[in-house]
Amino acid sequence: VVGETARIGNNCSILHHVTLGGSGKKGVDRHPKIGDGVLLGAGASVLGNVKIGEGCQIGAGTLVITDLPPHSVAVGVPAKIIGSFVDVTEQPGIGMNQMTGDFNQSIVTFESAGI
């Protein structure tokens, strides 16, 4: 589901059952703004007039109700930032790295302050 005032950047990947929903206020800008290169995991919900910075990765089933800074990794209900990408040129929406398949391939790394 993509709300009427939602905006989606270039090179984003949106997996199944994702919702970019509104805040319920009629006549105002009430839907999310998704930056370039974002990966939205299956079942993620982004609600309200929030901004998802470029190069973010949002985990499956995550509920985002506040802005996320660029290149962050967020999971949970509500969303909690668990790290940020070391290589700020990385675009998760293009790489679609979900840690499956051949683990001998290079894996995108991110920094974490701990959970």
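Shown above is the structure to which this text applies.
A quick note: this is a predicted structure, and the numbers were derived from the prediction, not measured.

Enquirer: What is the right way to look at the sheet that holds strand β4 (residues 33-34) in this model?
Expert: Hydrogen bonds along the backbone pair up the strands of a sheet, which may run parallel or antiparallel. The strand order β1-β4-β7 describes an open sheet built from three strands, whose pairing is parallel. The sheet is open, and its two edges are formed by β1 (7-8) and β7 (51-52), each paired on a single side.

Enquirer: Whenever I open this one, the pairing of strand β10 (residues 72-75) confuses me. Can you help?
Expert: A regular strand places its side chains on the two faces of the sheet in alternate fashion. In the sheet, strand β8 (residues 57-58) pairs with β10 via two bridges, with the strands oriented parallel. Opposite I58, over in β10, you have A74 as the bridge partner. Two elements, β10 and strand β11 (residues 80-85), share four bridges in a ladder whose sense is antiparallel. Directly across from V75, in β11, lies its bridge partner K80. Following β10, the chain reverses through four residues before pairing antiparallel with β11; G76 in that reversal takes a positive phi of roughly 105°.

Enquirer: Would you explain the nonpolar core in this entry?
Expert: The nonpolar side chains of soluble globular proteins are, as a tendency, buried together. One finds L20, L40, V46, I52, I58 and L68 to be the most contacted residues of the largest nonpolar core, which totals 15 residues. Once residues lying within four places of it in the same chain are set aside, the contact partners of I58 are L39, L40, G41, A44, I52, V64, L68 and A74.

Enquirer: I would appreciate a short explanation of the sheet that holds strand β9 (residues 63-64) in the present structure.
Expert: Here three strands make up an open sheet; going across it, the order is β3-β6-β9 and the pairing parallel. Each end of this open sheet is capped by a strand with a single partner; those strands are β3 (19-21) and β9.

Enquirer: Explain unusual backbone geometry to me, please; I cannot follow it from the model alone.
Expert: A negative phi holds for most residues other than glycine; trans holds for most peptide bonds. Residue V77 is joined to P78 through a cis peptide bond whose omega torsion reads -5°. Looking at the secondary structure, you find P78 in the loop between β10 and β11. One non-glycine residue with positive phi stands out, namely N11, at about 60°. Counting through the fold element by element, N11 comes out in the loop between β1 and β2 (13-14). Residue N11 is classed as partly exposed on the basis of its relative accessible area of 45%. With phi around 65°, H17 is a residue other than glycine that occupies positive phi space. If you trace the backbone, H17 turns up in the loop between β2 and β3. The class of H17 is exposed, set by a relative accessible area of 65%.

Here is what the cut-offs are and how they apply
- Residues numbered from 1 in each chain as written.
- Predicted model: local features only at pLDDT ≥ 70, side-chain atom pairs only at ≥ 80, totals over all residues.
- Heavy atoms only, no water.
- Pairing = 2+ DSSP bridges.
- Helix = DSSP H or I, 4+ residues; strand = E, 2+ residues; numbered from the N terminus.
- Core = buried A, V, L, I, M, F, W, Y, C linked by side-chain atoms within 4.5 Å.
- Buried < 20%, exposed > 50% of the residue type's maximum accessible area, 1.4 Å probe, protein only.
- Contact = heavy atoms within 4.5 Å.

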